[in-house]
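# Observations on the model geometry
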Amino acid sequence: MMIDIGISTAERAKIAKGLSKLLADSYALYMMTHNFHWNVTGPQFNSLHQMFMTQYTEQWTALDLIAERIRALGHPAPGTYQEFAKLSSVEQIEGVPSATDMVRYLVKAQEATAKTARSLFPVVGEANDQPTADLLTQRLEVHEKTAWMLRSVLEN
């Protein structure tokens, strides 16, 4: 059935493509955060373990919101590790880093995801797509605040 929501087919495709990259970054960030939650050790174990759990739980919910927006625009959401690996700008981490390095990697991943979200605003603005702009604004707020909180952990 034809979609007639006031956004052209071409604009919906561009937005969905950008949201697919955001979904991939968000999934990579979710996986990294959950992995670090499982594997963190050291004197800050309890606080980081709890902080990471709060973060990956929020991220899990966001994945659904992003994927559902892609679907509402009439496009399939990527959903395999292979697709996410191709689309994501988040650096993949091998092994189990120290707790401090975990925090550093998460700062970079939060910032990378924020940059991906921010890069979509010109396309979304041109298409007059307020629901996607709202979603992007909410995601930016979370990623920027979380990056700040993580950076604060690293200060002496």
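Let me begin by describing the structure that accompanies this report.

## Remarks on helix H6 (residues 130–154)
Along its 25 residues, H6 runs 36 Å from first to last C-alpha, staying within 8% of the 36 Å computed at 1.5 Å per residue. Within H6, burial applies to Thr-132, Leu-135, Leu-136, Arg-139, Leu-140, His-143, Thr-146, Ala-147 and Leu-150.

## Re the packing of aromatic side chains
Geometrically, a pair of aromatic rings is defined through the distance of the ring centres and the angle of the planes. All chains considered together, the criterion is met by five aromatic pairs. When the ring of Tyr-30 is compared with that of Tyr-56, the centres are 6.2 Å apart and the planes differ by 80°; the resulting orientation is edge-to-face. Of this pair, Tyr-30 sits in helix H1 (residues 9–39) while Tyr-56 sits in helix H2 (residues 45–72), and the two are 26 residues apart along the sequence. Each of the two residues, Tyr-30 as well as Tyr-56, counts as buried. Through a chain of ring-to-ring contacts, the aromatic side chains of Tyr-27, Tyr-30, Tyr-56, Trp-60, Tyr-81 and Phe-84 assemble into a single cluster.

## Observations regarding unusual backbone geometry
Even without a glycine there, the phi angle at Asn-128 is positive, about 60°. Along the polypeptide, Asn-128 turns up in the loop between helix H5 (121–127) and H6. Judged by relative accessible area, which is 53%, Asn-128 ranks as exposed.

## Things to note about the packing of H1 against H2
Two numbers describe how H1 lies on H2: the axes approach to 9 Å, and their chain directions differ by 160°. The orientation of H1 relative to H2 falls into the category roughly antiparallel. Note that H1 runs across H2; the crossing there is left-handed.

## Description of the nonpolar core
Generally speaking, soluble globular proteins have nonpolar side chains that are buried together. By size, the foremost hydrophobic cluster in this structure holds 24 residues, and its most contacted members are Ile-15, Leu-19, Leu-22, Leu-23, Ile-66, Ile-70 and Leu-136. Looking at which element gives the most residues to this core, the answer is H1, with eight residues. Excluding anything up to four places from it in sequence, Leu-19 contacts Ile-66, Arg-69, Ile-70, Leu-73, Leu-120, Thr-132, Leu-135 and Leu-136. If you look at the next biggest cluster of nonpolar residues, it comprises 17 residues, including Phe-36, Val-40, Val-90 and Val-107.

## Digging into the side chain of Arg-139
By the secondary structure assignment, Arg-139 is in helix H6. Here Arg-139 is in contact with Glu-58, Gln-59 and Ala-62, once residues within four sequence places are set aside.

## Some words on the pattern of salt bridges
Pairing between side chains of opposite charge can happen when their charged atoms approach one another. Evaluated as defined, the whole model comprises five salt bridges. Notably, a salt bridge pairs Asp-101 with Arg-104, separated by 3.1 Å at the nearest N-O pair. In this pair, Asp-101 and Arg-104 both sit in helix H4 (residues 99–119), three residues apart, roughly one turn of the helix. With a relative accessible area of 44%, Arg-104 lands in the partly exposed category.

What counts and how
- Residues numbered from 1 in each chain as written.
- Predicted model: local features only at pLDDT ≥ 70, side-chain atom pairs only at ≥ 80, totals over all residues.
- Heavy atoms only, no water.
- Helix = DSSP H or I, 4+ residues; strand = E, 2+ residues; numbered from the N terminus.
- Expected span 1.5 Å × (residues − 1).
- Buried < 20%, exposed > 50% of the residue type's maximum accessible area, 1.4 Å probe, protein only.
- Phe/Tyr/Trp six-rings, centres within 6.5 Å; stacked < 30°, edge-to-face > 60°.
- Axes fitted to C-alpha atoms, helices over the stretch in contact; angles between N-to-C directions.
- Parallel < 35°, antiparallel > 145°, perpendicular 65-115°, else oblique.
- Left-handed = near helix turned anticlockwise from the far one by under 90°.
- Core = buried A, V, L, I, M, F, W, Y, C linked by side-chain atoms within 4.5 Å.
- Contact = heavy atoms within 4.5 Å.
- Salt bridge = Lys/Arg side-chain N within 4 Å of Asp/Glu carboxyl O.

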